[in-house]
Structure formats: structure tokens, C-alpha cells
Amino acid sequence: MNVGQLFKDFFAKNGIGLGTFLLVAVLFWVVILIVLPQLSMLDFSFRHHLPPPEMGGPKDTYTIEHYKYLVLGAPGADTSYNVVDLGVFGRTLLAALFVTILDLLLCYPLAYYLGQSRGGGAIRILVLLLIIPYWINEILRAFAFRIIFGESGLINEMMLAMGLISNPVDFIRANVALYAGLGYAYILLMIFPIYNVIESLDRNQIEAARDMGAPWWRIHWRIVIPYAKPGISSGCTMVFMLSAGALAAPQILGGPSSLWFTQIIYQWFNTGGNWPRGAAFAIVLLVTCIIIVLSMMRLFKVKIGDIGK
Amino acid sequence: MTKGVDVDLENVWIRFGDFVAVREANVNIKGGEFFSFLGPSGCGKTTILRSVSGFLEPSEGNVRIGGRDMAGIGPNKRPTALIFQNLALFPLMKIWENITFSMEVKGASKAERRKRADELLDMIALPDQGEKLPSELSGGQKQRVAIARALCAEPDVLLLDEPLSALDLKLRQHMRTELREIQQRVGITFIYITHDQGEALTMSDNVAVMRAGIIDQIGSGHTVYNDPATPFVASFVGENNVFRGKVKSIDGDMALVSTNRTGELLARIATTVQGSLKVGDPAMMFVRPEALNIAPDISSAPNRFAAMVKHEEFEGQIYNVFLEGSEGKEIKMSLVNIGKERQSAEGMNLTLEYVPEQAIVLPAGELASE
Ligand SMILES: Nc1ncnc2c1ncn2[C@@H]1O[C@H](COP(=O)(O)OP(=O)(O)OP(=O)(O)O)[C@@H](O)[C@H]1O
Ligand SMILES: [Mg+2]
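Predicted, not measured: the structure shown is a model, and the values here were computed from it.

*Asks:* Looking at this structure, how should I read the site of ligand 1?
*Replies:* All names here are of chain B. Taken together, Phe-16, Phe-19, Ala-21, Ser-41, Gly-42, Cys-43, Gly-44, Lys-45, Thr-46, Thr-47, Gln-85 and Glu-162 are the residues near ligand 1. At a separation of 2.5 Å, an oxygen atom of ligand 1 approaches a polar side-chain atom of Ser-41. Within the backbone of Gly-44, an N or O atom sits 3.0 Å from an oxygen atom of ligand 1. When isolated, ligand 1 has an accessible area of 630 Å², and the protein chains bury 60% of it. Secondary-structure elements contributing two or more residues to the shell around ligand 1 are strand E2 (19–29) and helix H1 (45–53).

Structure (C-alpha cells):
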């Protein structure tokens, strides 16, 4: 389509005043708040870690040393690869994937139920119940989980009282608390997109399939899931991205042995004071996540355009 | 092909809470018959159909298909296939996959399914369209795909819920003929739902006319049209002019009705109320627009009444004359266009006559609302 025509239509539809405002607002949003900060981070990531007086001096040249560090480790280390950081990186992505799948398994049935039952009051209350956890801030939520899952927490106490276990289970060390906390935090982001598409699915299609003898699993496999695919993929994308990039939950709920990649980034920025290295690590995480999401979408034949629907 | 089987509803009641959607339905549909439920919107047609297809259990009474009681048997286990009011094609499946979904469920191989899809696509005159998606077809084509999809399941009974209502007039008339042909070819029982009386009359062997959950009459299109059992049927099926009054005298199957404002009119007593209609009963006399004619002279007779022409409508093969009689309601007369100069003009006073045997007397009752 012709871009000029596109602008003409846009202004014809919204009027000059509103049209200009929308355009400026979107441009501001995209350029100032999204593109510029990322570009400066990208720029950072290719610079040497220098003390402030030397910045802009002759030593301030572009380098890929931080990227090299992530892959190969410090020069002269005893392993040829940066096993520690790469390991954390891989584990973070796997864990994020796991959280995503966990949320999908939990949320799909719920979203289906919410979307297909034409109920009034009861359904609205259910949805409201799903929103309430978001009124509580992230830190509080994470610590609440720590308490519930702690050695003398609610769950251990209950299982002990019921005689299911004889010694308290260390949910924190086993990362159960972390997965539960992350999964719980993003449940809504998974439910709503799926709920939205399923709500628009014509009930008659489900009945038609049933009329033709299909058992429930085939109805889901052939009718509901294909229809809900855009919702499922936007839910999965959000949950995956946000879990991989989460910081507070891993910090508070993670076991001592499990470091999240974001924590390493945070350390470089904060205690390490090495911003270029932190930026490089963060960019690697971002790009990898985007690649994973795009290839997943490719694999499941979802178009980017479908997701916005 | 499988031959159709009987479908029987025995004293079926369907309630939603306190609301009675279907009241004491007794229907016997013979195998291989084209049977229609005809009634205004919201009268419970879809509800009855859903109880036959198994999406709904009757609150009371039995549904039998091929003599077998269907209580507790789900829609996926019944020998019926339902065509939905909105067709409900699967939008993300290709046409051939849509058509053969029932075979996929049974685990048929892809080759088998393709073959069967091609056969059915030929039957519905859509060869080589199997690779398309439903959104790429026209309304009439989708319609035919829905029929093919239902037939592919080889049901004993095909249930159709106003499948033509979304189509334009021309296509609708064409599809009527086509549906009827398909039914005769496959020979299975068709249960068809419509609020369009023209559709019901042209296609069906038998029609059940429904009013607010009650089946008023079951019979052939001919019977329902010519010998209605209730004022509702008389006024809902086709058009009718109604005269209210009391039965003055009865002679055999003929009755003289003294109407409230139009004098005494003679008409045949509807078959179902012969014997039960008594002198003095409040009654309604119905005479159809096409049964009315302009009398050759102005002398009075019990099959004549006077009316003034208000306006006319030319329809091509007929022209409709709307007149004001003494009943207050407009009277409609349809005259066949035989090419002659019309004899009526606006404001003209006419004497109309009809053949008494073509008019019907029924006990007074509820009319279909326009
Ligand atoms: N699940 C339900 N719960 C409550 N009432 C219902 C339900 N289904 C139908 N009804 C009511 O039953 C009556 C009959 O509905 P039905 O759908 O059978 O009408 P219909 O004859 O098919 O009408 P239409 O020609 O408009 O499709 C309506 O008054 C409707 O409101
Ligand atoms: Mg209906």
C-alpha cells in the first residue's frame, strides 16, 4: 500500500487535530521511550569499561569484548568457554519456557471455561478474582510466596499435619516456589488473550463437531486450539519474555543454587559497576528471546499480524 | 445409501426453568419423509430440533429415532446430523476437511477422505473447490458445503435449522428445489425448520405448525393451507382475510356465520372442528385473497360482501387489491393478471364474492400477529 495514501486516510479518519496528536504521541512513545534507550544500551554494549575521566578519550573505541566475555569467559580462565554464565543463560531460558508451558496448561482450560460459558455474575467474579493479585505489588507477592513455601510455611505445615510427609520439604531449594511464583505472576497475561479469542468462537462450531461424533479432545485439537492460536501465542510470548526477564521473583524465591540470568546482568550494572558488560548481556538476552519467539511462531504457523487481533 | 428411519416425539415437554418452550409435542415422522416445523420466531422450533439431535434432553416424554429411545444418548452417538442456522462451518479447515470431518473422527485415512470429499463435491456441484477455505465461498456454496458435510456422516436423519434464512430470495428459491432433490436422492428423513411458510409448503411432505411451544396442526402442506385446524394456522400459513362473528346455523359441513359487521357469510367448517362447532359459538370466518373475486352484479348473497377499493399493488402475474370493508381491517383480494383491463379503481365500491367451500369457519381463537 502507498504510504502517502495511508497518511491521507489516517488524517481523513481522525481529523487534523486528533490525527497530529496521535501521530506525535505514538512517535514520542516509540522513539523516545523505546528506540532511543535501547539504542544507547546497544551503543554501551560495544564500549570498553572505562573510568569516567577516560570516557570520550582516545581509549573509548568500539569493541566486542563483552560479547566475547559471555561466550569465552575471562581471558586466561581455565575453561575455554564461559561455562558459568552460559549455563545460567541456558537454564534461565529453559525455566522461562517451563513457566510458559505451565501457565499455558493451567490457563487454557480456565480461559476456555470463561470464554464459552455464557454466564453473568459468577463469571465476572471469577475474572475479578484473577485480577486481585495484581493489586498487590510484586515484592509483597514474592515474599508472601516465600512464607507459604518456607520450611515452616503453610504448605509444609499442612502436609506435616496431614501426615503426607515426615520432614519439611525445601520448596525454595527445589525451585518449586520460584516456578509457582513466576507462573502465578503471569497467569493473567496468559488467560486474557486466550479468553478473548475463545469468547468469539461460535459455540455452534463446537456443537457441530460434537454432532459429527468428535470426542472432547478432538474438538479442542481441531476446532478450539487452532482458533485460539493467536491468543495462545500472544499469551505465551508475553509470559516467556517476562519470565526470562524477571528479576524480583528469582531474587526472592530462587534457591541458592539457581541464578537467573537477569541477576547476573543486574550484578554487572550494580555491584560490578560495569555497564557496558551488563548492557551486552541484556542485549544478548533480548535478542535470543526474540529469536526464540519468532521461531516458535514460525513453527506453529502463527503470523505476527494475527497476534494483534 | 441408508434409508431414513422414523422419528417420534411422544408427549415431549421442554422447560427452561419456569418457562415452557415446548408443550406436549406428539409427532410421528415417517422414514424418508421431508418434514417441516413451521412457526414464528421464538416458538420453540430450534428447541425441538435440539432435543432430536441430543443437545437437549426433554423435561418430559420420549424422543425415539428408528424406534429406539434416545434418552441419555449424546449428540455424538445419535444417527442424526444437524445443519445449523448459521451453518457453523469450521473456518480454519479446508472445504474437503470440513466435509469429511465425521470420517476423520472415525479414523478414516486421508486418501479415503479425499475420495469421499470429491464425490460429495461433485454431488453438490462444487468440483475442485476442496482446497478452498469456507471464507472463500459464496453464501449458496457454503450452504451446499454444510449439506455435504452433514451427509458425509451418513445420518439416518438430517436436521436442518433454517439453513436458507441467510440467503437472498433467488438463491433461496433455487436451494429449495435443490434440497428437495437431494432428499429424494438420498432417501433419508429430513426434518426442516423454518418460519417461512412458502419454504415449508414447497418442500415438505408434512408440516407441523407451531405457536408459542404448541403444535397446532400436523398435515400435508395442502391440508394445512386449505383446511387449517386453528385460527393461528389459518392466519400464519399464507394470507387470509378474517371475519369475526357467531355461528348462526349449521347445515352439514357448511355454517352460516353472522359476522359482527359484514352481515351473514357462508363457509365450510374446518374438518377438525366438524361436529364440535355449535350454533351460537364465537367463530372466525377465513377467506383467502385468491378465493375472492368481483361479483358480476351487486345483488346480495351469503357469499358476497361490499368493500371499497383503497389501493392496488401490481405484482406481475397477479395484482393485489386492498379494500376497506365494514370489519375495519383491510381486505386483500388477489386477481390473476389475464391481460384484461382492470375493472377496479381507487375509491370504487365493489361487491366481492367467493366460493363458500373455499372459505373456512373455525372457533374464535388467537391469530398470528403480523
Ligand atoms: N437455553 C435456554 N434457556 C432459556 N430459554 C431458552 C433457551 N433456549 C431457548 N429458550 C427460549 O425458548 C423459546 C424458543 O426458542 P427457540 O430457539 O426454540 O425458538 P425458534 O422457534 O427456533 O426461534 P427462531 O425462529 O428465532 O430461531 C424462546 O422464547 C427462547 O427464549
Ligand atoms: Mg431457531
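Next comes the rest of the write-up.
*Asks:* Is there a simple way to explain the packing of aromatic side chains in this structure?
*Replies:* Each aromatic ring pair is specified by the distance between its two centres and by the angle formed by the two planes. Following the criterion strictly, the structure yields 20 aromatic pairs over all chains and no others. With a centroid separation of 5.1 Å and an interplanar angle of 40°, the aromatic rings of Phe-145 of chain A and Tyr-184 of chain A are classed as tilted. Taken together, the residues Phe-145 of chain A in helix H6 (residues 138–149) and Tyr-184 of chain A in helix H8 (residues 176–185) connect sequence positions 39 residues apart. On the accessibility criterion, Tyr-184 of chain A (31% relative accessible area) is partly exposed. One Lys or Arg, Arg-277 of chain A, reaches over the ring of Tyr-69 of chain A and ends 3.8 Å from the middle of that ring. One cation-aromatic arrangement involves Arg-288 of chain B over Tyr-225 of chain B; the distance from NZ or CZ to the ring centre is 3.6 Å.

*Asks:* Where do I start with the domain arrangement of chain B in this structure?
*Replies:* A common way to report how large an interface is uses the accessible area buried once the components associate. Per the domain assignment, the segments of chain B are domain 1 (7–226) and domain 2 (239–363). Taking only C-alpha atoms into account, the centre of domain 1 of chain B sits 38 Å from that of domain 2 of chain B.

*Asks:* Explanation requested: the interface of chain A and chain B in the structure shown.
*Replies:* Taken together, the contact between chain A and chain B spans 17 residues of the former and 22 residues of the latter. Overall, the association of chain A and chain B removes approximately 1800 Å² of surface from exposure, summing both partners, and the carbon and sulfur fraction of that is 58%. Taken together, the links from chain A to chain B amount to four salt bridges. A salt bridge links Glu-104 of chain B to Arg-222 of chain A, with the shortest nitrogen-to-oxygen separation between them at 2.6 Å. The interface formed by chain A and chain B contains eight residue pairs in polar contact (both at pLDDT 80 or more). Listed by contribution, the elements that provide at least two residues to the side of chain A that touches chain B are helix H10 (203–211) and helix H11 (216–244) of chain A. The element best represented in the side of chain A that touches chain B is H10 of chain A, accounting for seven residues.

Parameters and conventions
- Residues numbered from 1 in each chain as written.
- Chains lettered and ligands numbered in written order.
- Predicted model: local features only at pLDDT ≥ 70, side-chain atom pairs only at ≥ 80, totals over all residues.
- Heavy atoms only, no water.
- Near = heavy atom within 4 Å.
- Polar contact = N/O pair within 3.5 Å; in protein donor to acceptor, adjacent residues only side chain to side chain.
- Areas by Shrake-Rupley, 256 points an atom, 1.4 Å probe, with all protein chains shown as cover.
- Helix = DSSP H or I, 4+ residues; strand = E, 2+ residues; numbered from the N terminus.
- Phe/Tyr/Trp six-rings, centres within 6.5 Å; stacked < 30°, edge-to-face > 60°.
- Buried < 20%, exposed > 50% of the residue type's maximum accessible area, 1.4 Å probe, protein only.
- Lys NZ or Arg CZ within 6 Å of the ring centre and 35° of its normal.
- Domains from an automatic or database assignment.
- Contact = heavy atoms within 4.5 Å.
- Buried area = accessible area lost by both parts, 1.4 Å probe.
- Salt bridge = Lys/Arg side-chain N within 4 Å of Asp/Glu carboxyl O.

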